[in-house]
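If you want the building blocks of each chain, they are given just below.
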Amino acid sequence: MKREITGRQSTSSAVFFIVLATMLMPTSWAQQTKNTMVPTLVRFGGFLTDVAGKPLSGTVGVTFSLYSDQQRGVPLWLETQNVVPDRNGHYSVQLGATKPDGLPTALFTSGEARWLGVRPEGQVEQPRVLLLSVPYALKAGDAETLGGLPASAFVLAAPAVAALSPTDEATAASASTAAPSSASPATNVTGTGTLNFIPLWTSTSNIANSVLFQSGSGGTAKVGLNTSTPAATLDVKGTVNIEGLFSLPATGLATATGGRISQAQDFVASSFNSGTAAAVNQTFQWRAEPTGNNSTTPSGTLNLLFVSGTTAPIETGLKLSSVGLFTFAAGQKFPGTSTITAVNTASGSGLSGGGTTGALSLSLQKTCTANQILQWTGTAWVCATLSGGGTITGVTAGTDLTGGGTSGKVTLNLDTTKVPQLNAVNTFTQTQVINATNPLGGILQVTSPYQAIVGTMTSNDFFTPAIFGNASATGSGTTIGVQGVSSTTSGYGVWGSNGSGGIGVYAQNNSFTQGALYAENDGFGPAGYFKGDIQTSGRITSYNNLPTAANGVPGIVFYIQNSSNGAGIGMTDLWTPANDGIFRITGMQECTGASGGVTIFSMNFSWTIPPPAISSGFYQIMGNGCDPRTSSVNFSSGSTVAHVHGGTPIQYNYAGMDAPFQTIVVIEQLL
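Residues numbered from 1 in each chain as written. Predicted model: local features only at pLDDT ≥ 70, side-chain atom pairs only at ≥ 80, totals over all residues. Heavy atoms only, no water.

**Structural notes on the overall build of the protein**
Looking only at helices and strands, the protein features three helices and 37 strands. Per-residue burial for the protein yields a buried fraction of 22% across its 671 residues. When the accessible surface of the protein is split by element, carbon and sulfur atoms take 55% of a total near 45500 Å². (Helix = DSSP H or I, 4+ residues; strand = E, 2+ residues; numbered from the N terminus. Buried < 20%, exposed > 50% of the residue type's maximum accessible area, 1.4 Å probe, protein only. Areas by Shrake-Rupley, 256 points an atom, 1.4 Å probe, with all protein chains shown as cover.)

**Topic: the confidence of the model for the protein**
Do not read the predicted coordinates in detail wherever pLDDT is low. The predicted model of the protein averages 75 in pLDDT, with 69% of residues at 70 or higher. Long-range and interchain partners of residues 1–36, a stretch whose pLDDT sits below 50, account for 63 contacts in this model, where long-range means more than four residues apart. Across residues 157–185, where pLDDT falls below 50, the model places four contacts with residues more than four positions away in sequence or in other chains. (pLDDT = per-residue confidence, 0-100. Contact = heavy atoms within 4.5 Å.)

**Points about the sheet that holds strand β16 (residues 265–273)**
Pairing within the open sheet is antiparallel, and its five strands lie in the order β16-β17-β18-β19-β20. In the strand order of this sheet, the two ends are held by β16 and β20 (326–327), each with one partner. Of the strand pairs in this sheet, strand β17 (residues 278–291) and strand β18 (residues 299–308) are connected by ten bridges, and their pairing is antiparallel. Considered in β18, the bridge of F284 is made with F306. (Pairing = 2+ DSSP bridges.)

**Some words on the nonpolar core**
In terms of nonpolar packing, the biggest core is built from 20 residues, with F44, F64, L66, Y91, L95 and L116 touching the most fellow members. Tallying contributions element by element places strand β3 (residues 60–67) first for this core, with four residues. Beyond its immediate stretch of four places on either side in the chain, F64 contacts F44, W77, L78, E79, Q81, V83, Y91, V93, L95, L116, G117 and V118. Residues I650, Y654, M657 and I667 belong to the second largest nonpolar core, which totals 14 residues. (Core = buried A, V, L, I, M, F, W, Y, C linked by side-chain atoms within 4.5 Å.)

**A short note on the pattern of salt bridges**
One pass over the structure, following the stated rule, counts six salt bridges. In this structure, R114 engages E112 in a salt bridge whose closest nitrogen and oxygen atoms are separated by 3.5 Å. Given the relative accessible area of 5%, R114 is considered buried. For E112, a relative accessible area of 45% gives the class partly exposed. With a closest N to O distance of 3.7 Å, R128 and E125 form a salt bridge. In this structure E125 comes out as partly exposed when scored by relative accessible area, which is 26%. Counted as one network, the salt bridges with shared partners bring together R287, E289 and E315. (Salt bridge = Lys/Arg side-chain N within 4 Å of Asp/Glu carboxyl O.)

**Observations regarding the environment of D266**
One can find D266 in strand β16. For the pair D266 and T283, spaced 17 residues apart in sequence, the C-alpha to C-alpha distance is 6.4 Å. In terms of polar contacts, D266 uses its side chain to reach the side chain of Q285, at 2.8 Å. (Polar contact = N/O pair within 3.5 Å; in protein donor to acceptor, adjacent residues only side chain to side chain.)

**Thoughts on the state of the cysteines**
Per the stated rule, a full pass over the model turns up one disulfide. The disulfide bridge from C368 ends at C383, spanning 1.9 Å between sulfur atoms. One quick way to see it: the torsion about the S-S bond of C368 and C383 is about -85°, and its sign makes the bridge left-handed. Here C368, found in the loop between β22 (362–364) and β23 (372–376), pairs with C383, found in strand β24 (residues 381–385); they are 15 residues apart in sequence, far enough to count as distant. (Disulfide = S-S within 2.5 Å.)

**Focus: a nonpolar patch on the surface**
Where nonpolar side chains cluster on the molecular surface, the patch consists of I434, I443, L444, V446, I453, I467, V482, V494, V505 and L517 and spans about 880 Å² of accessible area. Its location among the elements puts V446 in the loop between β27 (412–414) and β28 (542–543). (Patch = residues over 30% accessible without salt bridge, like charges linked within 9 Å, V, L, I, M, F, W, Y side chains within 5 Å.)

**Some points on unusual backbone geometry**
With a phi close to 65°, N226 is a non-glycine residue in the positive phi region. Structurally, the position occupied by N226 is in the loop between β13 (222–225) and β14 (234–236). N226 sits in the partly exposed class, given a relative accessible area of 47%. One non-glycine residue, N294, adopts positive backbone phi at about 55°. Judged by relative accessible area, which is 58%, N294 ranks as exposed.

If you want it as structure tokens, here you go:
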């Protein structure tokens with residue numbers, strides 16, 4: 001992977017390696033020109049395992065790096081080889097095999113120790129291994145050269161002479177024969193240089209300044225690339241490409257008493273302080289820090305530090321764990337307007353856990369025993385034991401239902417093709433039966449601005465009612481098959497209409513004590529109204545709680561009301577029927593003032609009974625006291641039913657009384 005770094009990098013070891021490689025180029029070139037050079041390859045072996053400790057198999061890419069320190073520092077040299085370990089994970093390679101020049105001998109010329117790091121592809125680098133004396137034998141090959149040049153390069157040219165003696169000529173010839181055939185380096189070096197700049201050969205004989213500049217020496221030396229004022233050990237102005245691992249190793253080796261942080265990486269911004277009228281550096285720093293030191297589970301975190309000015313950066317509280325979890329600074333709020341500072345669990349909430357910092361976890365209360373549940377009491381969640389044991393394995397939709405299932409969220413719905421909908425118009429195709437006990441009102445109550453209940457009979461079957469009322473209860477109570485109540489002055493409790501010769505209202509009662517059809521009007525209008533003929537197959541047995549032997553339906557045919565100051569009247573014609581009939585005659589008298597003595601209410605009626613004509617009547621004594629102030633008897637009435645001959649008047653008279661009174665006479669035709 002190629003990584004690009006811009007700006008000034010104090011940790012850019014890759015560029016430093018480029019500098020060293022540049023300085024070593026003449027030596028490598030000289031070695032390649034020698035036919036008998038020592039092989040620059042070093043054999044190295046080891047074993048490879050995965051993160052679980054199991055041997056790796058197949059072809060594995062492995063990066064080998066040389067360091068000058070066991071823990072710190074950047075690689076002095078590295079290469080990547082494809083390694084094929086055996087079934088136990090063991091392998092053997094030749095270091096330098098992938099490089100044209102092999103393993104650089106310059107790495108071992110200083111006499112300093114060298115450490116080899118091995119990093120299998122996709123894993124961290126294994127602990128570094130100290131190289132022993134064998135690789136240093138590469139230096140033996142360099143013993144044949146001086147500064148990388150063969151000894152012949154340093155043979156002085158023969159001085160020019162005017163003449164040679166025979167002996168000298170032989171000596172010169174012998175020397176000429178022994179001289180090497182290769183040409184010597186140029187002895188005339190030209191060019192100019194600037195103090196502290198590392199020189200660059202621009203030709204085989206010319207030296208000029210390179211882009212590298214060194215200030216200081218030894219441990220305080222600083223090298224600048226494209227800058228003559230390096231501010232760090234390596235100061236780069238420009239773009240850096242790193243084609244390989246960019247490592248910031250630990251600052252030391254961990255011990256049981258403490259871990260070691262990594263080398264840090266700084267990001268520096270500059271802000272102007274108006275109070276001090278000076279620029280102030282704003283430094284953010286990333287570094288790896290150890291966790292779990294001296295334990296069986298050591299790990300680490302990547303931490304962000306910050307400082308304004310020149311002091312050491314301090315922790316911000318933001319860090320990333322080894323499994324990718326972030327920890328925020330204390331008091332960190334989530335984006336937006338949230339002000340959450342803690343997650344608490346109240347008593348009785350049924351929850352436990354929470355807190356004010358770190359990764360918070362909530363869980364259900366765990367103090368319940370096995371098979372108990374949390375139950376809400378109205379004020380708190382408490383542990384409760386379920387009675388019985390459930391064995392439900394599925395919910396199946398039964399009659400008039402749809403839905404159900406055996407897993408997940410199960411829903412049941414009414415089958416609207418079979419079950420009426422409460423807020424919709426329903427059509428019933430079968431007989432509907434309602435069985436209920438409602439002592440306070442009707443079982444079926446219908447309210448509508450139009451027809452409350454409409455019964456339509458379409459069948460031609462004999463005796464099929466559109467609306468059928470059946471009062472089948474037994475006992476002494478009053479039962480009603482159909483009841484109609486109208487609260488308006490012109491309304492009807494029950495309306496029956498038939499325009500085709502049928503029956504508008506039909507009532508039947510098999511009981512001997514209750515009426516099949518009952519109509520009541522507590523006002524002044526009639527309890528029932530019939531437009532058309534009235535037919536009955538039963539007897540009319542009473543009227544106003546008075547017995548009658550007549551058949552038929554009563555109807556008022558005459559009504560008279562008069563007042564008197566106390567004087568009586570003689571026989572008076574009230575009404576003459578056109579045909580024979582059964583009539584009910586009812587008389588009522590009421591005192592309207594105080595009497596001077598004993599008063600007797602009396603009315604005398606007469607009529608003719610056919611055939612033959614027989615004059616008959618009745619005399620009704622209705623009371624013997626008439627003083628509404630002192631007497632409790634101030635109103636009396638009497639009624640009788642008789643067959644009257646048509647064309648004969650019904651007559652009545654009453655005697656005088658000693659008090660004013662009022663008389664009402666009602667004649668009803670029963671049949």
